[in-house]
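# Architecture at a glance
So the chains spell out like this:
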Protein chains: 2
Amino acid sequence: MNQNAAPSHDPNGTLSYEQAGVNYDLIDPLKVTAQRAAAATAGHLAAHGFTEVAASRGESAYVVDVGPFYLASIVECLGTKTLVADEMAKLTGRSFYDGIAQDTIAMAINDLITVGATPLVVQAYWAAGGSDWFGDNQRAQALVAGWKKACEVCSVAWGGGETPALAGIVEEGRIDLAASCTGLINPKERLSVGDQLSAGDAIILLESSGIHANGLSLARKLVERLPQGYLTEIAPGVTYGEALLAPTVLYSPVTEALWKAGVAPRYCANITGHGWRKLLRHPSELTYRIHTVPPVTPVLKFIQEQAKQDDREAYSTLNMGAGFAIFVKPEDAERTVEIARVQGIAAWHAGTVEAGPKRLLIEPLGIEFGNDDLQLR
Amino acid sequence: MNQNAAPSHDPNGTLSYEQAGVNYDLIDPLKVTAQRAAAATAGHLAAHGFTEVAASRGESAYVVDVGPFYLASIVECLGTKTLVADEMAKLTGRSFYDGIAQDTIAMAINDLITVGATPLVVQAYWAAGGSDWFGDNQRAQALVAGWKKACEVCSVAWGGGETPALAGIVEEGRIDLAASCTGLINPKERLSVGDQLSAGDAIILLESSGIHANGLSLARKLVERLPQGYLTEIAPGVTYGEALLAPTVLYSPVTEALWKAGVAPRYCANITGHGWRKLLRHPSELTYRIHTVPPVTPVLKFIQEQAKQDDREAYSTLNMGAGFAIFVKPEDAERTVEIARVQGIAAWHAGTVEAGPKRLLIEPLGIEFGNDDLQLR
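Residues numbered from 1 in each chain as written. Chains lettered and ligands numbered in written order. Predicted model: local features only at pLDDT ≥ 70, side-chain atom pairs only at ≥ 80, totals over all residues. Heavy atoms only, no water.

Let us now look at helix α10 (residues 333-342) of chain B. Residues and elements named next belong to chain B. Within α10 the residues assigned to the buried category are Ala 333, Thr 336, Val 337, Ile 339 and Ala 340. Buried residues of α10, viewed axially, fall in a sector of 165 degrees; they line one side. Each element contacted by the buried residues of α10 is listed here: β7 (202-207), α7 (252-260), β12 (322-328) and β13 (347-355). Positive backbone phi, approximately 85 degrees, marks Gly 344, located one or two places after α10. (Buried < 20%, exposed > 50% of the residue type's maximum accessible area, 1.4 Å probe, protein only. Helix = DSSP H or I, 4+ residues; strand = E, 2+ residues; numbered from the N terminus. Arc of directions from axis to C-beta. Contact = heavy atoms within 4.5 Å.)

Structure, rendered in structure tokens:
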């Protein structure tokens, strides 16, 4: 298995994301086949009098035109962050599953809002390695409480969900967490699948709280290099494990507040796997010039240092302090920053969209990513 | 772990569902806590100008009133049926993942339609034990092809999905499959959350193709008792493994055809876990009297015999030949049976709803289930 591959010849050398266990070369061909098959099913909506918004194919959420408004839906996996929570529970006696619940919901919500949707309903998918998982009452209650609280932050209804016990599929003592989310784009002009994005638009970056839920394979692999493991202090009084478990920021309060203030994002990108390369998500030929780089969250700086990654590698994998990008008309830039801050989320007017070849220029760091660096469609 | 509990003192004695590995006593308290927390989030919809359909709490899908129509959504897990497919692939060299895909979609679709919804969008959740899972091209292509075909049968659009590699959470070489589904109840009078169900209504049962995707823990446990295991012939030319892997029937073509023919179900029950006890799902005090029992699918008869279950135990766990129940006005009963048959699905006018205490009477078998036999809310 690839996830057991040796980190490198030098045990303290550079550690890349692929070496840490995720081999996109194996997953991506299946993804492409699945995406093609999925696209071929769009015509079925006609039988019900509806049509898909074709531009949403390849975006973070799927959108259907149902007449009076658009319907957006998604299912998203948390990933392996629970493995860190499980280790930290052993080391500290504390359950971190309240934060883990927020992470899981954030995976779905933060993707759904990129297309301009207001999230309405979240469904829980909690697949445990056996019935026993649910018998740990403290942990189970933390998961429920955190899930409910994240729904409150995002003003969504928790519709229900699944709590299967999957011995033989999910490992004993572990849980596979995911969330599905359904929302509406209402009124329809809120749709932001990118047709409006154009040269001159401003790039606003919203702060992350830490690693969020992408790059955890790398973060976990690094623990092997740390004599004190997850209990390594990365700042006074803050351990590596605690810092990794900072819950993912929920960005829907910002997108909702923007709409209420009359600011319509021209496009959004959720910065998850592939790090800042996600800023290249939009299909058009456009150049993204970053002039202001947000401060790097301490845990991400620590990971970069320990993994001996240069900036290019780090920004191509991790969010590096920016968890979400909103593209707005230049005259809306400062207001967008202000509105985010009112919601308690730091934001920066970080750059500009320009005419030109498809590339991302992070000028303060001298990094350039081209079209070949991100293949999502 | 409970799933490793000894089957019983007598290795060839009766095997119950609980002995086969699923301990609802551990899961159900968490479910109740989660359901209460979820119900408390309903008010958030008001911020968006919407309201939940409170009667859908406790039903198989969650319903929100969004004005011109109702929105229904759900996420559903396949369960452990892939473990049978994986064994059979080793024994026969064939991939059964096309059928497995249909099973997964059926879990979501067959629940969503119980509330009167037309399924519109399905999202795929394919969480593998490592990137390598996706490297088996034959299996991956079968999964994609089966998923696409099931979408065709149900006239739904495949919106997208997740294909994470979760080494450390999902077991190596395994995959955790789930589907989320979003649909509309349109026009709104199609809503069937049970307020219309009343004494005199007819109970229509639709055939199952076999075990579907519930009771697999028991079915797998039985293999230990069979000298030829999954290759045991249960009928001429049909092995136990193949019979278990018959894909779950997709029932949405029936509910859609009913609506087009002017038949509005008063209530529906998807017969999954808890077997025929699911006929007691409706919250009202009503008696369900079954006068006609559909023929038992051969693989279910085989399981019942091998597990030495009496009829009461078997009907309380397995679908026993009936995968879906539709409750209609008595004058619609025969037409409902006909419409299902036109869709290629055998159906029986099996019984009647009566005033009386909450119980299910399966008269030909002398079985009675009471309210205490099903606690889902």
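Further notes follow.
Per the counting criterion, the structure on display carries zero disulfides over all chains. Cysteine B:Cys77 is unpaired, with the sulfur of A:Cys77 as its nearest cysteine sulfur at 13 Å. (Disulfide = S-S within 2.5 Å.)

Rotating chain A by 180 degrees and translating it 0.0 Å along the rotation axis places it on chain B, where the RMSD comes to 0.0 Å. The two molecules are tied by a two-fold rotation axis, judged by turn and shift. Among all residues of chain A, the one whose C-alpha sits closest to the rotation axis is A:Val170, at a distance of 2.2 Å. By residue overlap, the copies meet face to face through one surface: 100% of the interface positions of chain A are interface positions in chain B. (Least-squares fit on C-alpha atoms with pLDDT ≥ 70 in both.)

Looking now at the packing of aromatic side chains. Residue and element names in this part refer to chain A. By the definition in use, this model includes 24 aromatic pairs over all chains. Here the aromatic rings of Tyr 97 and Trp 133 are separated by 5.4 Å at their centres, their planes lie at 70 degrees, and the arrangement is edge-to-face. Placement of Tyr 97 in helix α3 (residues 97-112) and of Trp 133 in the loop between β4 (118-128) and α4 (137-153) is noted, with a sequence separation of 36 residues between them. Each of the two residues, Tyr 97 as well as Trp 133, counts as buried. Taken together, the ring pairs connect Tyr 97, Trp 133 and Phe 134 into an aromatic cluster. (Phe/Tyr/Trp six-rings, centres within 6.5 Å; stacked < 30°, edge-to-face > 60°.)

Between chain A and chain B, the residue contacts involve 85 residues of the former and 85 residues of the latter. Summing both sides of the interface, chain A and chain B together bury roughly 7000 Å²; the carbon and sulfur share of this comes to 69%. Where chain A meets chain B, there are zero salt bridges. Put simply, chain A and chain B have 19 residue pairs in polar contact (both at pLDDT 80 or more) between them. Elements that contribute at least two residues to the side of chain A that touches chain B include exactly α1 (24-39), β2 (62-65), β3 (70-77), α2 (81-92), β4, α4, β5 (157-162) and β6 (175-185) of chain A. (Buried area = accessible area lost by both parts, 1.4 Å probe. Salt bridge = Lys/Arg side-chain N within 4 Å of Asp/Glu carboxyl O. Polar contact = N/O pair within 3.5 Å; in protein donor to acceptor, adjacent residues only side chain to side chain.)

Before going further, it helps to spend a moment on the sheet that holds β2(A). Hydrogen bonds between backbone atoms are what pair the strands of a sheet, whose relative direction is either parallel or antiparallel. Residues and elements named next belong to chain A. Spatially, six strands are ordered β1-β2-β3-β6-β4-β5 in an open sheet, and the strand pairing comes out mixed. Only two strands of the sheet have a single partner each, and these edge strands are β1 (51-52) and β5. Alignment of β2 against β3, held across four bridges, turns out to be antiparallel. For Val 63, the partnering residue across the bridge sits in β3 and is Ala 72. Strand contacts of α3: β3, β4 and β6, with the helix running at about 40 degrees to β6, the strand carrying the most contacts. (Pairing = 2+ DSSP bridges. Axes fitted to C-alpha atoms, helices over the stretch in contact; angles between N-to-C directions.)

Turning our attention to the packing of helix α7 (residues 252-260) of chain A against helix α10 (residues 333-342) of chain A. Residues and elements named next belong to chain A. Packing of α7 against α10 leaves a shortest axis separation of 9 Å and a crossing angle of 130 degrees. Here α10 runs oblique to α7, going by the angle between their axes. Crossing geometry of α7 relative to α10 is assigned as right-handed. Residues Val 254, Ala 257 and Leu 258 of α7 touch α10, and the partners they reach there are Thr 336, Ile 339 and Ala 340. Its residues assigned to classes, the contact of α7 with α10 shows five nonpolar, one polar and no charged. (Parallel < 35°, antiparallel > 145°, perpendicular 65-115°, else oblique. Left-handed = near helix turned anticlockwise from the far one by under 90°. Nonpolar A, V, L, I, M, F, W, Y, C, P; charged D, E, K, R; others polar.)

Okay, the UniProt feature "domain: PurM-like C-terminal" (unreviewed entry) in chain A next. As annotated in UniProt, the feature "domain: PurM-like C-terminal" (unreviewed entry) corresponds to residues 199-358 of chain A in the numbering used here. The distance from the first to the last C-alpha atom of residues 199-358 of chain A is 12 Å, and the span holds 28% helix and 22% strand. (UniProt positions renumbered as here; feature names shortened; annotations may be inferred.)

In this section: the pairing of β13(B). All names here are of chain B. As paired elements, β7 and β13 share five bridges and run antiparallel to each other. Considered in β13, the bridge of Leu 206 is made with Ala 347. Relative to β13, strand β11 (residues 286-290) is paired through five bridges, and the arrangement is antiparallel. Of the residues in β13, the one forming a bridge with Ile 290 is Gly 351.

Let's shift gears to the pattern of salt bridges. Residues and elements named next belong to chain A. Overall, the coordinates contain 28 salt bridges over all chains when judged by the stated rule. With its nearest N and O atoms 2.4 Å apart, the salt bridge here joins Arg 289 to Glu 363. Within this pair, whereas Arg 289 is found in strand β11 (residues 286-290), its partner Glu 363 is found in the loop between β14 (359-362) and β15 (367-370), the two being separated by 74 residues in sequence. Relative accessible area serves as the criterion here: at 25%, Arg 289 is assigned to the partly exposed category.

Our focus in this paragraph is the packing of helix α2 (residues 81-92) of chain B against helix α3 (residues 97-112) of chain B. All names here are of chain B. Two elements in contact, α2 and α3, have axes whose closest approach is 10 Å; the angle formed by their N-to-C orientations is 175 degrees. One way to sum up the angle between α2 and α3 is to call them roughly antiparallel. Counting all contacts with α2, which are made through Lys 81, Thr 82, Ala 85 and Asp 86, the residues of α3 involved are Tyr 97, Ile 100 and Asp 103. A class-by-class count of the residues in the contact of α2 with α3 yields three nonpolar, one polar and three charged.

Here we come to the domain arrangement of chain A. Residue and element names in this part refer to chain A. Segmenting chain A into domains produces domain 1 (41-190) and domain 2 (202-373). Inter-centroid distance (C-alpha atoms) of domain 1 to domain 2 is 21 Å. At the junction of the two partners, domain 1 supplies 36 residues and domain 2 supplies 31 residues. Both sides together, the interface formed by domain 1 and domain 2 hides about 2700 Å², and carbon and sulfur atoms give 64% of it. Area buried by domain 1 at its contact with domain 2 is led by Lys 81, Val 84 and Arg 190, which between them contribute 21% of it. (Domains from an automatic or database assignment.)

Moving on: the sheet that holds strand β14 (residues 359-362) of chain B. Residue and element names in this part refer to chain B. Pairing is mixed across the open sheet formed by seven strands, whose spatial order is β10-β12-β7-β13-β11-β14-β15. Only two strands of the sheet have a single neighbouring strand rather than two, namely β10 (267-270) and β15 (367-370). Going from strand to strand, the sheet's axes swing by 20 degrees on average, the running direction of each strand aside.

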